[in-house]
Amino acid sequence: MDKQMNYGSDYKFIPATSIGSGMGIQILPDLFCYTIQIVNILLVGNPETGDFVLVDAGMPESAAEIISVVEERFGRNSRPKAIILTHGHFDHVGGIIELVNQWDVPVYAHQLEMPFLTGQKSYPDPDPTVEGGMVAKMSPLFPNEPIDLGNNVETLPADGTVPHMPGFKWIHTPGHAPGHVSLFREKDGALIAGDAFVTVKQEYLYKVFTQELEISGPPRYLTTDWQAAKESVIKLEALRPSVAVTGHGLPLSGELLTSSLKKLVNEFDQIAVPDYGKYIDKNTH
Ligand SMILES: [Zn+2]
Ligand SMILES: [Zn+2]
């Protein structure tokens, strides 16, 4: 690779975990979800063909674990065709530099995430004052400075296709992050939601630890545009997904997914939007 890559200077291991950490679930024959501490990564592709993609890159210092998960599923020295990022928050890019160095593969993300992935701009500061539990209060400890992937990161194709993920389309779902995307496959209704919505109350350490299933909006401490976040959930619900994997929490499918998403749309202001926090506009809420 031609250009040096760097994590932000506040990059560090975050000692948070859940009972799901280290566990993998095959959701569909070509969709495998694995939990790194408190965040999910996905391997999309059938082990029989050996062609696959990694979606998101886990927590800081998790690259060795990700490589061993990949090799266990796809064979020794296997490597994905690409890494697709739903967005650039620290818990979705934590192992990415070592992975790109090891595999020499391109990374794709939405155009609007580029400043946060090329060292140009930090995300807005997380909000420890937001309504929520310990994870929200811990959020100032999280790495927030942008990583710099240099010319190893490319923008997702404008036509909505996802490189090396035939059948999938990327859908712009901002709110949690400006260039947040979700990935959807029409044929079987498989949805990779990222953090557009999640299935665990990510602000609460206890709920994160137990992975108690509870439909939830995007993690609050890092969400800055709640109107956009709501529109994104409405957009995803309208796709009528049959199975959804989210950035945090357990996968959801079938009737439970349908009813949970409907509830989240109908009660978004109550379920998702915090009662207070610095990114809450008191005039509209
Ligand atoms: Zn996030
Ligand atoms: Zn996340």
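I will try to describe carefully the structure that is included in this document. (Residues numbered from 1 in each chain as written. Chains lettered and ligands numbered in written order. Predicted model: local features only at pLDDT ≥ 70, side-chain atom pairs only at ≥ 80, totals over all residues. Heavy atoms only, no water.)

## Some remarks on the coordination of the zinc ion (ligand 2)
- Protein ligation of the zinc ion (ligand 2) involves Asp91 (OD), His92 (NE2), Asp195 (OD) and His248 (NE2), the donor distances falling in the range 2.1 to 2.6 Å.
- Around the zinc ion (ligand 2) sit 4 donor atoms; with metal-centred angles ranging over 84 to 159 degrees, the donor geometry is irregular.
- Donor residues binding the zinc ion (ligand 2) come from one chain and are separated in sequence as D-H-x102-D-x52-H.
- Separating the zinc ion (ligand 2) from the zinc ion (ligand 1) is a gap of 3.3 Å, bridged by aspartate 195, which donates to each. Here histidine 92, found in the loop between β5 (83–84) and α2 (96–103), pairs with aspartate 195, found in the loop between β10 (190–194) and α5 (205–210); they are 103 residues apart in sequence, far enough to count as distant. (Donors = N, O, S within 2.8 Å, 3.2 Å for Na, K, Ca; no water. Tetrahedral: all angles 85-135°; square planar, octahedral: opposite > 155°, others 65-115°. Helix = DSSP H or I, 4+ residues; strand = E, 2+ residues; numbered from the N terminus.)

## Some words on the packing of aromatic side chains
- Counted under the stated rule, the structure contains 6 aromatic pairs.
- Aromatic pair phenylalanine 116 and tyrosine 123: ring centres 4.0 Å apart, planes at 15 degrees, arrangement stacked. Note on accessibility: phenylalanine 116 and tyrosine 123 belong to one class, buried.
- Joined through ring pairs, the aromatic side chains of Phe90, Phe142 and Tyr221 make up one cluster.
- Over the aromatic face of tyrosine 204 sits the side chain of lysine 207, whose NZ or CZ is 5.8 Å from the ring centroid. (Phe/Tyr/Trp six-rings, centres within 6.5 Å; stacked < 30°, edge-to-face > 60°. Buried < 20%, exposed > 50% of the residue type's maximum accessible area, 1.4 Å probe, protein only. Lys NZ or Arg CZ within 6 Å of the ring centre and 35° of its normal.)

## Things to note about the side chain of serine 216
- Among the secondary structure elements, serine 216 is positioned in the loop between α5 and α6 (226–238).
- Discounting residues that sit within four places of it in the chain, serine 216 has contacts with Phe197, Val198, Val200, Lys201, Leu264 and Ile271. (Contact = heavy atoms within 4.5 Å.)

## Considerations on the coordination of the zinc ion (ligand 1)
- Within the protein, His87 (NE2), His89 (ND1), His176 (NE2) and Asp195 (OD) serve as the donor atoms for the zinc ion (ligand 1), at 2.1 to 2.4 Å.
- Its 4 donor atoms give the zinc ion (ligand 1) angles of 88 to 178 degrees at the centre, a pattern that matches the irregular case.

## Quick look at the sheet that holds strand β7 (residues 153–155)
- If you walk across this open sheet you meet the 7 strands as β1-β2-β3-β4-β5-β6-β7, and the pairing is mixed. Looking at strand neighbours, the two that pair on one side only are β1 (24–28) and β7, the edges of this open sheet.
- The strands touched by helix α1 (residues 63–74) are β1, β2 (31–36), β3 (39–44) and β4 (53–55); relative to β2, the strand with the most contacts, the crossing angle is about 150 degrees. (Pairing = 2+ DSSP bridges. Axes fitted to C-alpha atoms, helices over the stretch in contact; angles between N-to-C directions.)

## Things to note about the pattern of salt bridges
- Applying the stated criterion to the full structure yields 8 salt bridges.
- Arginine 185 is paired through a salt bridge with aspartate 30; the nearest N and O atoms lie 2.7 Å apart. With arginine 185 in strand β9 (residues 181–185) and aspartate 30 in the loop between β1 and β2, this residue pair connects regions lying 155 residues apart in the sequence.
- With relative accessibility at 5%, the residue arginine 185 sits in the buried group.
- Exposure remark for aspartate 30: the relative accessible area of 18% places this residue in the buried category.
- With its nearest N and O atoms 3.5 Å apart, the salt bridge here joins lysine 81 to aspartate 51. Here aspartate 51 lies in the loop between β3 and β4 and lysine 81 lies in the loop between α1 and β5, a separation of 30 residues in the sequence.
- The exposure class assigned to lysine 81 is partly exposed, which follows from its relative accessible area of 39%.
- A residue is classified by how much of its surface remains accessible, and aspartate 51, at 44% relative accessible area, is partly exposed. (Salt bridge = Lys/Arg side-chain N within 4 Å of Asp/Glu carboxyl O.)

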